[in-house]
Amino acid sequence: MAYSFPEEVLEYVFAFLSSDKDRNAVSLVCKSWYEIERWCRRRIFIGNCYAVSPQIVIRRFPEVRAVKIKGKPHFADFNLVPEGWGAYLYPWISAMARSYPWLEEIKLKRMVVTDESLELISKSFKNFKVLVLSSCEGFTTDGLASIAANCRNLRELDLRESEVEDLSGHWLSHFPDNFTSLVSLNMSCLGSEVSFSALERLVSRCPNLKTLRLNRAVPVEKLPSLLRRAPQLVEFGTGAYSAEIQTDIFSNLVEAFSGCKHLKSLSGFWDVVPAYLPAMYNVCSRITSLNLSYATVQSPDLVELISQCPNLKCLWVLDYIEDAGLKALSSYCKDLQELRVFPSDPYGAEPNVSLTEQGLVTVSAGCPKLQSVLYFCRQMSNAALIAIARNRPNFIRFRLCIIEPQAPDYLTLEPLDTGFGAIVENCKELRRLSLSGLLTDRVFEYIGTHAKKLEMLSIAFAGDSDLGLHHVLSGCESLRKLEIRDCPFGHKALLANAAKLETMRSLWMSSCSVSYGACKLLGQKMPRLNVEVIDERGSPNSRPETCPVEKLYVYRTVAGPRVDKPDFVWTMDEDAALRLS
Amino acid sequence: MSPPLLGVEGGGRGNAPLMSSSASVDCISQSGSGLKERNYLGLSDCSSVGSSAVSNVSGENKNNLNLNATELRLGLPGSRSPERDSDFNLLTSGKLDEKQLFPLLPSMDGICSLSQKSIVSGNKRGFSDTVDGFSEIKNSVFTDGKWMFNANGSDSGTPQSVVEAKLAGNAGINVMLSNNSSGTQPSMKKEVPTRAPQEGHNKLNGSNNNSSAPAAKAQVVGWPPIRSFRKNTLATTSKNNDEVDGKPGPGALFVKVSMDGAPYLRKVDLRTYSTYQELSSALEKMFMCFTIRQCGSQEAPGREMLGENKFKDLLHGSDYVLTFEDKDGDWMLVGDVPWEMFIESCKRLKIMKGSDAIGLAPRAMEKSKNQS
């Protein structure tokens, strides 16, 4: 006789499971657990908005409170996905407006959000609390005004790096006078000036405000006023950090910063005048996260600042920091976990700063907790990569961008295969890897052999043949996302590893050599994949089947071919897939 | 019910049956090409059990593939086509002549910077040119031996053979597709359509398209991989700091292009053009499909021909004009001010109906007079 805990008990237990993986595992145990779990799942993560449909989600999970949805492929960040490709939010909102009246959180990445969607959000969800739009586009400040005006319980409005059509700064003034629930506001991507007095009043009346990231238009002399009204701030992003040097501005800043005893994270710093940096020294000892990636300040000033931050865990900076600055970083900041170094002059033919592979070697040697790196540089060597790998076997994310495509080891002129090979061999926990430089099929052999925990791999201008791709597809057991551009990969490895694609979230291949015929075949034989050909030259039917497609995006889906394709996207073997879905 | 999967009929020997627990086998043989469908376990298992199943299957399923015969010949000139013709089999023992499959590339001396540049310039073009670029590269790689290869002598042989056995064993689709190999190889280049992609954001300035990219940095779309927000910020910052003297412009300048009646807008990189004519042709090609629809014609092979003429008529006639919004938010006709001034101030473009654009032209002239 079967006996089990009463449903209520199981439900109570399941409530402690927050990870999707755990909940998914629970729902596979038996039918009754599936049923219980689905009724009590409150948070949904949809890694690819086309992998599932709103209807399917709603049907299975009727009581959702928080959704996180990702849309366009990652390479859309670099303009490789043409405008109009898709990832529209509206169908999700209109479905959820009907079925999830108690929805509280919407977090989106790379989706097309319209003002209409924003307005619908603001009016449909009475308890709406959190809106995070990361790298989204398609909306204007009018949409923000709807959110501000109607979401009475809003806690978070975070527009990170979204492309917003900035009609005016007036949207901020739409927050009602009795609105006090704001905890986090990130408007750093906006251009227009908001009404400063409205901002001041907003900050004053929201006692729980912990995160405030201003936009460039807020001048430095206005910062003290805001900081004084929000001494409880934990995360603060300045506006343009420049003004004529005036002692009273400086001293006001010093005083205002001193009042913020809880500040842990600083960002902003556009147009920095170095003389104003010391105003922050009082808070630096508590700072764990510093984003100076817009600060065009020279190395000595950067070092001065960083030397005051012994507890720094995360640093984003421009390559003005140079090797010398990174050396200083490695000696002052022993807690460093994440480092991102961006190029100040990526399109210049010659290096403008003295930042080389040495900086990364030094940091990897000196910072024992370093686990996540994004590094743009102009030269690299196998020796350096090997040293880095040996220094830091605890890397989780390693993204290296050598600016010149296919740049070899600058010392030996060899490919960088062995260097990256050392990375994957030593860093057994590596989850994300981005390659660059001159690379042959060999590096992929190393990756396929060693990178067993790798989940995301980005490849550009690398490899010699399909063998390279085959190594990756057949060897990387944990691979979820693979994005490839300008590599000589055809269809052989793709077809030979077609089954692998169903175990992954998505595959992107652009400017490779996958023929149209092969895409059609893949689409035919794998009905649970959407094989999308993106080609702006017109229908691939007008060219021979052997002609390679411009771009290929393959992803698993239970929703069948999508219905919102623009005219430069074709789903392979749509009819067969439709029959199945 | 697992869908029937394709196996490959190897030439000659070694059609070892697949895993015994496979379900129904559908065999479809096609005349001449020896195509057979086989159901080999792995596909359905793989998807439910996860990626570990894939390697399981590959371990157990040492299929015999005649990779050679499976090819859709891509017809990249200079690629390994001669070797492909040789008949071979991959046996479970892994004995195979890897030289036939994947001939070692000649290991060469120092990287030839020319090949690097041609690679870069090959990639900066629209896709058809990219393909051409690859062909050029492959040519130089295979025939001129300029490719840099990590020469490890005897070592390089072994891993390849092991891997090829793996390639053989993986669950996947191996199909012999009918190919007109001899026909398609050389013709592929030519058959790339004349309507090659000229969209702004896929192509650099046409006059710059040569392999000897000099000091002016050849720009590849989306490389280095920096987000637009950061790029635009850098651009503005460097302008402010007067660092741009004499150097080429700081990266791409993407602006949105909308058209009345079009369902979605496009983006173009203004820096890839140097004249209004280039911009205009690119936009024509990009928005041709919309005007065709509006003209009511069907999608047809000859539509490019029809389209260009029609669009030009439309554009140069009274139907459509190209306008832009400048930094002050005013809409003006494109073409009145010098090109450099235009790209400095253009925030976005719009293809308007002529009737909507009446009255714009004079303002543009006046405005530039006032400003200069």
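The rules behind each value
- Residues numbered from 1 in each chain as written.
- Chains lettered and ligands numbered in written order.
- Predicted model: local features only at pLDDT ≥ 70, side-chain atom pairs only at ≥ 80, totals over all residues.
- Heavy atoms only, no water.
- Helix = DSSP H or I, 4+ residues; strand = E, 2+ residues; numbered from the N terminus.
- Rg over C-alpha atoms; globule rule 2.2 N^0.38 Å.
- Buried < 20%, exposed > 50% of the residue type's maximum accessible area, 1.4 Å probe, protein only.
- Contact = heavy atoms within 4.5 Å.
- Areas by Shrake-Rupley, 256 points an atom, 1.4 Å probe, with all protein chains shown as cover.
- Lys, Arg positive; Asp, Glu negative; His and termini not counted.
- Charge placed at Lys NZ, Arg CZ, Asp CG, Glu CD.
- Pairing = 2+ DSSP bridges.
- Axes fitted to C-alpha atoms, helices over the stretch in contact; angles between N-to-C directions.
- Salt bridge = Lys/Arg side-chain N within 4 Å of Asp/Glu carboxyl O.
- Patch = residues over 30% accessible without salt bridge, like charges linked within 9 Å, V, L, I, M, F, W, Y side chains within 5 Å.
- Parallel < 35°, antiparallel > 145°, perpendicular 65-115°, else oblique.
- Left-handed = near helix turned anticlockwise from the far one by under 90°.
- Nonpolar A, V, L, I, M, F, W, Y, C, P; charged D, E, K, R; others polar.
- UniProt positions renumbered as here; feature names shortened; annotations may be inferred.
- Core = buried A, V, L, I, M, F, W, Y, C linked by side-chain atoms within 4.5 Å.
- Polar contact = N/O pair within 3.5 Å; in protein donor to acceptor, adjacent residues only side chain to side chain.

## Overview of the overall build of chain A
Counting its regular elements, chain A contains 22 helices and 23 strands. Over its C-alpha atoms chain A spans a radius of gyration of 25 Å, differing by no more than 12% from the 25 Å that the globule rule assigns to 581 residues. Summarising its shape, the C-alpha atoms of chain A cover approximately 70 × 65 × 60 Å along the three principal directions. With 581 residues in all, chain A has 64% of them scored as buried. Put simply, of all contacts in chain A between residues at least 6 apart along the chain, 70% involve residues at least 24 apart. Entry remark: accessible area of chain A is about 20200 Å², with carbon and sulfur atoms responsible for 51%. Counting 66 positive and 67 negative side-chain charges, chain A places the centres of these two groups 7 Å from one another.

## Overview of the sheet that holds strand 4 (residues 266–269) of chain B
Residue and element names in this part refer to chain B. The mixed open sheet is built from five strands, whose spatial order is 4-3-7-5-6. One side of each edge strand has no neighbouring strand; the edge strands of this open sheet are strand 4 and strand 6 (331–333). On average, each strand axis in the sheet is tilted by 30° relative to the strand beside it, whichever way the strands run. As defined by bridge partners, strand 5 (residues 320–326) adjoins strand 6 across three bridges and the pair is classed as antiparallel. Along strand 6, the bridge assignment pairs Thr 323 with Leu 333.

## Structural notes on the pattern of salt bridges
Scanning the model with the defined rule gives 33 salt bridges over all chains in all. With its nearest N and O atoms 2.2 Å apart, the salt bridge here joins A:Glu161 to B:Arg227. Highlighted residues: A:Glu161 in the loop between strand 6 (156–158) and strand 7 (163–165) and B:Arg227 in the loop between helix 9 (181–191) and helix 10 (228–240), drawn from two different chains. By relative accessible area, B:Arg227 is classed as partly exposed at 26%. One continuous salt-bridge network, built from bridges that share partners, spans A:Asp20, A:Arg23, A:Glu37 and A:Arg41.

## Some details on a nonpolar patch on the surface
Residues A:Phe5, A:Val9, A:Tyr12, A:Val13 and A:Phe16 make up a contiguous nonpolar surface patch of about 570 Å² in total accessible area. Structurally, A:Val13 is set in helix 1 (residues 7–14).

## Side note on the packing of helix 14 (residues 357–366) of chain A against helix 15 (residues 382–391) of chain A
Residue and element names in this part refer to chain A. Relative to each other, helix 14 and helix 15 sit at 15°, their axes nearing to 8 Å. Judged on the interaxial angle alone, helix 15 and helix 14 are roughly parallel. Of the two possible hands of crossing, helix 14 and helix 15 adopt the one that is left-handed. Across from Glu 357, Leu 360, Val 361, Ser 364 and Ala 365 in helix 14, the residues of helix 15 making contact are Ala 384, Ala 387, Ile 388 and Asn 391. Split by residue class, the contact of helix 14 with helix 15 holds six nonpolar, two polar and one charged.

## Thoughts on the UniProt feature "domain: F-box" (unreviewed entry) in chain A
In the numbering adopted here, UniProt assigns the feature "domain: F-box" (unreviewed entry) to residues 5–46 of chain A. Measuring from the first to the last C-alpha atom of residues 5–46 of chain A gives 31 Å, for a span that is 62% helix and 10% strand.

## Some remarks on the nonpolar core
Ranked by internal contacts, the top residues of the largest apolar core, which has 202 residues, are A:Trp171, A:Tyr241, A:Leu315, A:Phe398, A:Ile447 and A:Leu482. Membership of the second largest hydrophobic core comes to 24 residues, among which are B:Val268, B:Ala282, B:Phe324 and B:Val334.

## Some points on helix 14 of chain A
Residue and element names in this part refer to chain A. Burial within helix 14 is extensive, with eight of its 10 residues counted as buried. Three or more residues of helix 14 are buried, namely Glu 357, Gly 359, Leu 360, Val 361, Thr 362, Val 363, Ser 364 and Gly 366. You can read the cap of helix 14 off the contacts: a side-chain oxygen lies 3.1 Å from the backbone nitrogen of Gln 358, and it is on Thr 356.

## What about unusual backbone geometry?
Note the cis peptide between B:Trp223 and B:Pro224, where omega equals -5°. Tracing the chain through its elements places B:Pro224 in the loop between helix 9 and helix 10. One non-glycine residue, A:Asn79, lies in positive phi territory at about 65°. Positionally, A:Asn79 belongs in the loop between strand 2 (66–70) and helix 5 (90–99). What makes A:Asn79 buried here is its relative accessible area of 7%. Even without glycine at this site, A:Asp486 takes up a positive phi of about 55°.

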